[in-house]
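Structure assessment
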Amino acid sequence: MALVKLKFQPGVNREGTDYENSGGWFSSDKVRFRMGVPEKIGGWVARTTTAFVGTCRALLPWTALDGEEYIGIGTSIKLYVDVGTLPMDITPIRESSTINTNPFAITSGSATVTVTDSGHGASPGDYVTYSGTASTGDATLTAAVLDAEYVIDSVTDASTYVFTASASSASTTSSVGGASVVAAYQINIGLNSAVAGTGWGTGTFGRLAWGSAFSSATDITAQLRLWYLASFGEDLVANVYNGNIYKWDASSGTGTRAVALTSLVGASGTPTICRKILVAAESRHLLALGCDPADAIGTQDTMLIRWPDAETLTDWTEDTTNTAGSLRLNVGSEIVTGLITKRDTLVWTDTSLNSVSYTGAPFFFGTKVLATNISIMGPSAAIEANDVVFWMGQDNFWYYDGSAKTLPCTLRDHVFKNLNRDQTLKIH
């Protein structure tokens with residue numbers, strides 16, 4: 001009997017049944033197709049033995065002027081810079097000040113510490129670092145033990161919270177620490193998974209008063225912690241999705257933390273809420289998508305795009321002597337995301353695809369609607385490959401190569417019918 005060469009179709013097809021898909025592949029696991037033939041996806045190599053905290057949501061490699069190679073890492077809990085295979089914590093500080101006199105209450109035989117700090121603004125899971133603690137009079141839970149970074153276990157009320165120290169107390173005292181304890185609170189952590197709705201269970205326990213529901217759209221849409229990172233010269237610019245924008249100065253070293261743009265010297269009109277940042281390479285402008293306007297800082301306009309004076313991160317106030325400016329998209333109800341490509345700076349709203357391009361004086365940036373009646377699944381659901389942009393919509397896959405088209409896909413029904421749409425912000 002002669003041998004017959006079997007030819008299998010490349011790719012996985014779930015549009016029919018396994019029986020209908022004769023000569024093809026109906027399922028796979030950790031497989032890619034190359035030259036029409038399946039092969040296993042390669043493995044990985046550990047870069048470091050030091051783990052970072054939280055689920056990674058953003059990675060950005062870049063090189064400083066002195067040749068030092070960095071990797072920015074944004075997680076659901078912290079912000080890091082990896083240098084020499086060692087992730088360094090650069091999470092911004094939300095507030096740092098001297099708190100109540102003798103703020104610590106300790107109990108004999110327990111590592112639980114109750115802290116009194118009026119208006120602390122912290123949530124369970126947040127990180128705080130203490131310094132300046134005076135002698136506690138305790139043999140084991142000393143000032144040196146308390147002066148460290150800790151995770152807040154629970155929040156009792158607006159003035160009190162609890163953490164677990166690294167040592168148990170040998171005595172019981174209701175108020176120790178002295179009058180010079182400084183608490184440096186890192187920015188509130190985000191959720192690892194989105195929570196849909198505004199009722200019971202939304203957000204962290206103890207964030208608001210008993211029986212309160214979240215009161216703004218930002219509280220709902222920003223539940224899942226996403227970071228967006230960009231290099232600006234040799235520095236790192238980072239923004240929390242629907243949150244603030246921060247800068248880490250490479251020249252200051254990894255011992256320093258990222259700081260809000262509003263705290264930089266000369267900051268003027270700086271946004272405090274931003275959906276996503278992009279850097280327009282041709283003009284050296286930082287673009288803030290879905291941010292707050294200069295005349296209403298703190299109130300997000302989800303269709304607004306703003307930028308500071310070229311080559312700066314501080315001067316956002318529009319003036320005839322600078323190139324700062326803004327524009328507002330017209331088609332849709334909110335900006336979902338944006339992507340810098342070789343061809344255009346693309347910005348998606350919930351119903352349209354737009355091109356934002358540098359035009360020079362007097363307006364500096366202009367916009368053009370490229371397609372309407374389209375969608376995108378989330379802020380990280382687009383990528384450019386070989387001068388073509390691909391993205392995942394609400395019910396179709398799309399690509400843009402000068403015009404927007406749907407992408408034929410033999411997994412379309414399988415993907416969209418089995419998708420957990422409460423977690424679409426995780427799609428990357």
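Our subject in this report is the structure included herewith. Quick caveat: nothing in here was measured; it's all calculated off a predicted structure. (Residues numbered from 1 in each chain as written. Predicted model: local features only at pLDDT ≥ 70, side-chain atom pairs only at ≥ 80, totals over all residues. Heavy atoms only, no water.)

When helices and strands are tallied, the protein shows three helices and 30 strands. With the principal axes as the frame, the protein shows a C-alpha extent of 90 × 70 × 50 Å. Across the 428 residues of the protein, 44% fall into the buried class. In the protein, of all internal contacts separated by at least 6 residues, the share reaching a separation of at least 24 is 53%. Here the protein has roughly 21200 Å² of accessible surface; of this, 54% comes from carbon and sulfur atoms. (Helix = DSSP H or I, 4+ residues; strand = E, 2+ residues; numbered from the N terminus. Buried < 20%, exposed > 50% of the residue type's maximum accessible area, 1.4 Å probe, protein only. Contact = heavy atoms within 4.5 Å. Areas by Shrake-Rupley, 256 points an atom, 1.4 Å probe, with all protein chains shown as cover.)

Relative to the helices and strands, Ser375 resides in the loop between strand S26 (364-372) and strand S27 (382-385). What makes Ser375 buried here is its relative accessible area of 12%. Engagement of the side chain of Ser375 in a polar contact is seen with the backbone nitrogen of Gln394, the distance being 2.8 Å. Those residues in contact with Ser375 that lie beyond four places of it in its chain are Asp350, Trp391, Met392, Gly393, Gln394 and Trp398. (Polar contact = N/O pair within 3.5 Å; in protein donor to acceptor, adjacent residues only side chain to side chain.)

Now for the pairing of strand S10 (residues 127-131). With three bridges joining them, S10 and strand S11 (residues 149-157) adopt antiparallel strand pairing. By the bridge assignment, Tyr127 is partnered in S11 with Val151. Two strands pair when backbone bridges link them, and S10 and strand S14 (residues 182-186) are joined in this way by four bridges, in the antiparallel orientation. The residue bridging Tyr130 from the neighbouring strand is Ala183, located in S14. (Pairing = 2+ DSSP bridges.)

Attention now goes to the pattern of salt bridges. In this structure the tally under the stated criterion is 15 salt bridges. In this structure, Arg275 and Glu334 form a salt bridge, with 2.9 Å as the shortest nitrogen-oxygen distance. Residue Arg275 is found in the loop between strand S18 (259-260) and strand S19 (276-280), and its partner Glu334 is found in the loop between strand S22 (325-328) and strand S23 (335-340); the two are separated by 59 residues along the sequence. For Arg275, a relative accessible area of 3% translates into the label buried. What makes Glu334 partly exposed here is its relative accessible area of 28%. Each of Lys78, Asp89, Glu149 and Arg257 takes part in one network of salt bridges that share partners. (Salt bridge = Lys/Arg side-chain N within 4 Å of Asp/Glu carboxyl O.)

Another aspect to go through is the pairing of S19. S19 sits mainly inside the fold: five of its five residues count as buried. Pairing analysis gives five bridges linking S19 to strand S20 (residues 285-289), with the strands arranged antiparallel. By the bridge assignment for S20, Leu278 is matched with Leu287. Connecting the antiparallel pair S19 and S20 is a turn made up of four residues, with Arg284 showing a positive phi of about 60 degrees.

This part is about the environment of Arg32. Along the chain, Arg32 turns up in strand S1 (residues 31-34). Each residue touching Arg32, except ones within four places of it in the same chain, is listed here: Val37, Pro38, Glu39 and Ile41. Here Glu39 takes part through its side chain, which lies 2.7 Å from a polar atom of the side chain of Arg32.

Let us look at the sheet that holds strand S3 (residues 56-63). Read across the open sheet, the four strands follow the order S3-S4-S5-S6; overall the sheet is antiparallel. With partners counted over all chains shown, the strands left at the sheet margins are S3 and strand S6 (86-89), one partner each. With strand direction ignored, the average angle separating the axes of adjacent strands in the sheet is 25 degrees. (Axes fitted to C-alpha atoms, helices over the stretch in contact; angles between N-to-C directions.)

So, about a nonpolar patch on the surface. A grouping of Val4, Leu6 and Phe8 is seen on the molecular surface, where their side chains present a nonpolar patch of about 360 Å² in accessible area. Turning to its location among the elements, Leu6 is positioned in the segment before S1. Relative accessible area serves as the criterion here: at 64%, Leu6 is assigned to the exposed category. (Patch = residues over 30% accessible without salt bridge, like charges linked within 9 Å, V, L, I, M, F, W, Y side chains within 5 Å.)

Taking strand neighbours across the sheet as the criterion, the eight strands line up as S7-S14-S10-S11-S12-S9-S8-S13 in an open arrangement whose pairing is antiparallel. Among the strands making up the open sheet, the edge pair consists of strand S7 (93-98) and strand S13 (173-176). Across the sheet, the mean angle from the axis of one strand to that of its neighbour is 30 degrees, orientation sign disregarded. Note: strand S8 (residues 104-106) against S13, two bridges, orientation antiparallel. Bridge pairing in S13 links Phe104 to Val176.

In this section: the environment of Arg328. By the secondary structure assignment, Arg328 is in strand S22. Sequence-wise, Arg328 and Leu313 are 15 residues apart; in three dimensions their C-alpha atoms are separated by 20 Å. A polar side-chain atom of Arg328 sits 2.9 Å from a polar atom in the side chain of Asp301.

For any two aromatic rings, the description comes down to two numbers: the centre-to-centre distance and the angle of the planes. Under the definition given, this model contains 18 aromatic pairs. Both rings, one in Trp391 and one in Trp398, keep their centres 6.1 Å apart while their planes meet at 5 degrees; by these two values the pair is stacked. Put simply, the rings of Phe104, Tyr130, Tyr150 and Phe163 touch in pairs and so form one group of aromatic residues. Over the face of the ring belonging to Phe26 we find Arg14, whose NZ or CZ atom lies 4.1 Å from the ring centre. Lying across the ring of Tyr127, Lys78 places its NZ or CZ 4.0 Å from the centre. (Phe/Tyr/Trp six-rings, centres within 6.5 Å; stacked < 30°, edge-to-face > 60°. Lys NZ or Arg CZ within 6 Å of the ring centre and 35° of its normal.)

Glancing now at the side chain of Asp235. Along the chain, Asp235 falls in strand S16 (residues 235-240). There is a polar contact of 3.0 Å between the side chain of Asp235 and the backbone nitrogen of Ala250. Not counting residues within four places of it along the chain, the set of residues in contact with Asp235 comprises Trp62, Ala230, Lys247, Trp248, Asp249, Ala250 and Ser251.

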